[in-house]
Amino acid sequence: MADVPLLTALQGGADRADALTVDGRKCSYEDLLGAAGAVARRVAGAQAFAVSATASLETVAAVVGGLLAGVPVVPLAPDAGPAESEHILRDSGAEVLAVDFAERAHVPAPGTDAARGRTDRAPFKGAALVLYTSGTTGPPKGVLISRAAIAADLDAVAQAWQWTADDTLVHGLPLFHVHGLVLGVLGALRTGSRLVHTGRPTPQAYAAAGGSLYFGVPTVWHRVARDEAAARALAGARLLVSGSAPLPAPVFRDLRALTGHEPVERYGMTETLITVSARAAGARRPGAVGTALPGIATRIADPADGVGELQVKGPTLFDGYLGRPEATAAAYTADGWFRTGDIAAIEADGTHRIVGRASTDLIKSGGYRIGAGEVENALLDHPAVREAAVVGAPHPDLGQEIVAYVVADGVSAAELTDFVAARLSVHKRPRRVRFLAELPRNAMGKPQKRLLPPA
Ligand code: MLC
Ligand code: AMP
């Protein structure tokens, strides 16, 4: 599948001097193709390569260069500390590439592009991207995402959102996850819409960008809705899209009141890309994420009162976890459906409602997915910490905030927060740390998170 054309607009669409703006710097498709060509030439023949995915033109050039060369790209959080980055680089075998956006090289014409066949080898099996994402326990796993899956997903959301080259897409999301990178960058390069990446997703930057199509996680929309002037400035947009975590109903209503737009909610995962969405031309209801995208099948497993685990099938699904066949197999049912781990209901008209997660050990904070086990292990690496239990507590802005319960001597909460921020990455740090004499345990000695005192 390495020869599925992916960045169709970039390689054949109308160009303009400000096709892309990233954190204040502009470039044309021609500039981007030149810089990406230089990356493609440097990485040719590599098994995979990593890039520190800052919000920059360099990150975009790196990802496009990898696609042109047919070499899988592993984006790293730019603030990834040693525990996180060493794990990802060891697990993927990738080396970090430094990109100079001023460097230029010719790229092969579409159709003859170097991508053909190059990546069809173990262990990457034709992956375009390897996105690391947390499970409930252990270190993050590399999710293999093919160009065919990306192409299928971008076409499905473009249809659902009536997303075309006439749009200007605005967002400020990180470039190491599906939302900001796959939808937010590759989507613009496939549809031909202008892209304005604001560097950080602040309400003021969104208001100043003058776009037609806006992407945000619920935390971003919550902040926009609290900044009345910024929210009112979005009245001229065509579509506001929310995803990566549940959009609280009051935020939906505040956005409607201030911007005149009902946000479109969509649902997805790193492993499946976006599978369910409200439509630009259809009803949008608070608390509902719409219907399955074209080509996607969904079902609720073993429903009790209509509610159960959401399972999905379709062309947007991943190609497995890098080097972890057992984990990949465990992610599917015997009859081939992907288990999302999300608890949902599907109404008679096909509208999906996500009502929770099966495991409390997967935390969503600010739209980031964080495994409790990964944060617990980082805390246990601190010499003063004897025991640690991490949970997600409800939070009005972040959805959930990371709270750590620790048994430790001679260390402050701030020191432990900084320790995790430095070892893993800043968004995985506990926002609150509570010290306990011991963790509650059952008769077998297993820690019982549900018996922890209120956060
Ligand atoms: C704070 N900072 C520290 C620190 N505490 N630095 C070091 N050590 C510490 N202890 C610094 C940070 O570096 C940062 O600096 C600043 O403080 C603010 O950091 P923050 O408080 O963590 O940011 P916050 O305001 O909470 O971020 C909110 C947010 C962010 C919405 C901007 O959560 C975000 O970008 N979320 C998007 C997540 C996402 O894209 N998920 C998609 C997953 S894909 P500085 O200098 O940087 O400001 C997916 C599929 C799908 O889910 O369906 O889409
Ligand atoms: P990630 O792998 O980081 O992409 O996180 C995927 C998870 O984000 C899903 O399993 C859901 O729990 C959550 N998620 C994504 N979109 C939504 C949404 N619109 N509503 C509720 N949860 C969502």
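On a predicted model such as this, the values are computed, not experimentally measured, just so you know. Residue numbers restart at each chain and count upward from 1, following the sequence in its written direction. As they are written, the chains are lettered A onward and the ligands numbered 1 onward, keeping that order. The predicted nature of this model means local features are confined to residues of pLDDT at least 70 and side-chain atom pairs, given and counted, to a pLDDT of 80 or more, with totals for whole chains, interfaces and linings taken over all residues. The basis for every side-chain value is the complete set of heavy atoms in the structure, and neither hydrogens nor water enter the calculation.

Draft legend 1. How the structure looks around the environment of Thr59. In DSSP terms, a helix is any run of H or I states spanning at least four residues, a strand is any run of E spanning at least two, and both are numbered starting from the N terminus. With respect to the helices and strands, Thr59 occurs in helix 3 (residues 57-69). For every residue, the accessible area obtained with a 1.4 Å probe (protein chains only) is divided by the maximum for its type, and the residue is called buried under 20%, exposed over 50%, and partly exposed between those limits. Residue classification places Thr59 among the buried positions, given a relative accessible area of 1%. Considering only alpha carbons, one finds Thr59 and Ala414, 355 residues apart in sequence, at a separation of 32 Å. Should any heavy atoms of two residues lie within 4.5 Å, those residues are considered in contact. Not counting residues within four places of it along the chain, the set of residues in contact with Thr59 comprises Ser52, Ala53, Thr54 and Leu175.

Draft legend 2. A look at the site of ligand 2. Definition of nearness: a residue and a molecule or strand are near each other if at least one heavy atom of the residue lies within 4 Å of the molecule or strand. In the vicinity of ligand 2 there are 16 residues, among which Arg266, Thr270, Asp342, Arg357 and Arg369 approach most closely. With respect to ligand 2, the side chain of Lys364 contributes an N or O atom lying 2.9 Å from an oxygen atom. Using a 1.4 Å probe, the Shrake-Rupley method yields the accessible areas, and only the shown protein chains count as cover for residues. Protein contacts shield 93% of the accessible area of ligand 2, which totals 500 Å² for the unbound molecule. Looking at the shell around ligand 2, the elements that each hand over two or more residues are strand 12 (264-269) and strand 18 (352-357). The leading source of residues in the shell around ligand 2 is strand 12, at five residues. Considered class by class, the residues forming the shell around ligand 2 number six nonpolar, four polar and six charged. The term polar contact refers here to a pair of N or O atoms within 3.5 Å; inside protein, the definition further demands a hydrogen-donor-capable atom paired with an acceptor-capable atom, and it admits residues adjacent in sequence only when both atoms are side-chain atoms. Any residue outside Ala, Val, Leu, Ile, Met, Phe, Trp, Tyr, Cys, Pro, Asp, Glu, Lys and Arg is labelled polar, Gly included; the first ten of those are nonpolar and the last four are charged.

Draft legend 3. Local environment of the pairing of strand 19 (residues 362-365). Two strands qualify as a pair provided that DSSP identifies no fewer than 2 bridges between them. Relative to strand 20 (residues 368-371), strand 19 runs antiparallel, the two sharing four bridges. Each residue of the ladder has a partner; that of Ile363, found in strand 20, is Ile370. Joining the antiparallel neighbours strand 19 and strand 20 is a turn of two residues, in which Gly366 adopts a positive phi near 65°.

Draft legend 4. Local environment of the sheet that holds strand 9 (residues 194-197). The strand order across the open sheet formed by nine strands is 2-1-9-8-10-11-12-13-14, and the pairing between neighbours is mixed. Lying at the two open borders of the sheet, with one neighbouring strand each, are strand 2 (25-27) and strand 14 (291-292). As paired elements, strand 12 and strand 13 (residues 273-277) share four bridges and run antiparallel to each other. Along strand 13, the bridge assignment pairs Gly268 with Ile274. Under this scheme, a helix contributes an axis fitted over its contacting stretch, all axes are lines through C-alpha atoms, and angles between N-to-C directions fall in the 0 to 180 degree range. Its contacts with the sheet put helix 6 (residues 178-191) on strand 1 (20-22), strand 8 (168-171), strand 9, strand 10 (213-216), strand 12 and strand 13, and the angle it makes with strand 8 is roughly 160°.

Draft legend 5. Local environment of unusual backbone geometry. The phi dihedral of Lys125 is positive, around 45°, even though this residue is not glycine. Take Lys125: it is sitting in the loop between strand 5 (95-96) and strand 6 (127-133). Look at Lys125 and you get partly exposed, because its relative accessible area is 48%. Even without a glycine there, the phi angle at Leu273 is positive, about 55°. Tracing the chain through its elements places Leu273 in strand 13. Here Leu273 falls in the buried class, since its relative accessible area comes to 0%.

Draft legend 6. Representation of the packing of aromatic side chains within the structure. Here a pair means two rings of Phe, Tyr or Trp (six-membered ring of Trp) with centres within 6.5 Å. Their orientation is stacked below 30 degrees between planes, edge-to-face above 60, and tilted elsewhere. In the structure shown here, the tally under the stated rule is 10 aromatic pairs. Ring centres 5.5 Å apart and planes at 90° place the aromatic pair Trp163 and Phe215 in the edge-to-face group. Highlighted residues: Trp163 in the loop between helix 5 (147-161) and strand 8 and Phe215 in strand 10, separated in sequence by 52 residues. The same class applies to Trp163 and to Phe215, which are both buried. Summarising the aromatic geometry, the rings of Tyr206 and Tyr214 are spaced 5.7 Å apart at their centres and angled 40° between planes, so their arrangement reads as tilted.

Draft legend 7. Representation of the side chain of Glu271 within the structure. Counting through the fold element by element, Glu271 comes out in the loop between strand 12 and strand 13. At 2.7 Å, the side chain of Glu271 and the side chain of Tyr321 are in polar contact. If we skip the residues at most four places from it in the chain, Glu271 touches Thr133, Val143, Thr316, Leu317, Phe318, Tyr321, Phe338 and Arg369.

Draft legend 8. Broad picture of the sheet that holds strand 18. Strand order in the open sheet made by the four strands is 15-16-17-18, with antiparallel pairing throughout. Two strands bound the open sheet, and with one partner strand each, they are strand 15 (297-304) and strand 18. Averaged over neighbouring strand pairs, the angle between their axes works out to 45° when direction is ignored. Both strand 15 and strand 16 (residues 307-313) contribute to a ladder of six bridges, which runs antiparallel. Note that in strand 16 the partner of Arg299 across the bridge is Gln311.

Draft legend 9. Inspection of the site of ligand 1 at higher detail. Taken together, 24 residues form the shell around ligand 1, and within it Arg223, Ser244, Arg266, Gly366 and Asp418 come nearest. Arg223 places a polar side-chain atom, nitrogen or oxygen, 2.8 Å from an oxygen atom of ligand 1. A distance of 2.9 Å separates an oxygen atom of ligand 1 from a polar side-chain atom of Arg429. The fraction of the free accessible surface of ligand 1 (1100 Å²) that becomes covered by protein chains is 71%. Going through the elements one at a time, helix 6, helix 8 (218-225), strand 12 and helix 13 (413-423) are the ones with two or more residues in the shell around ligand 1. With three residues, helix 8 is the single largest residue contributor to the shell around ligand 1. Taken together, the residues of the shell around ligand 1 break down into 10 nonpolar, seven polar and seven charged.

Draft legend 10. Spotlight on helix 3. What a helix should span is 1.5 Å times the count of its residues minus one. Its 13 residues place the ends of helix 3 18 Å apart at the C-alpha level, agreeing with the 18 Å of an ideal helix rising 1.5 Å per residue. The element helix 3 is largely enclosed, with a buried count of 13 among its 13 residues. Following helix 3 by one or two positions, Gly70 adopts a phi angle in the positive range, close to 70°.

Draft legend 11. View of the pattern of salt bridges. Take a side-chain nitrogen of Lys or Arg and a carboxyl oxygen of Asp or Glu: if they are within 4 Å of each other, that pair is a salt bridge. Scanning the model with the defined rule gives 23 salt bridges in all. With a closest N to O distance of 2.7 Å, Arg223 and Asp397 form a salt bridge. Linking Arg223 in helix 8 with Asp397 in the loop between strand 21 (385-395) and strand 22 (399-408), this pair joins segments that are 174 residues apart in sequence.

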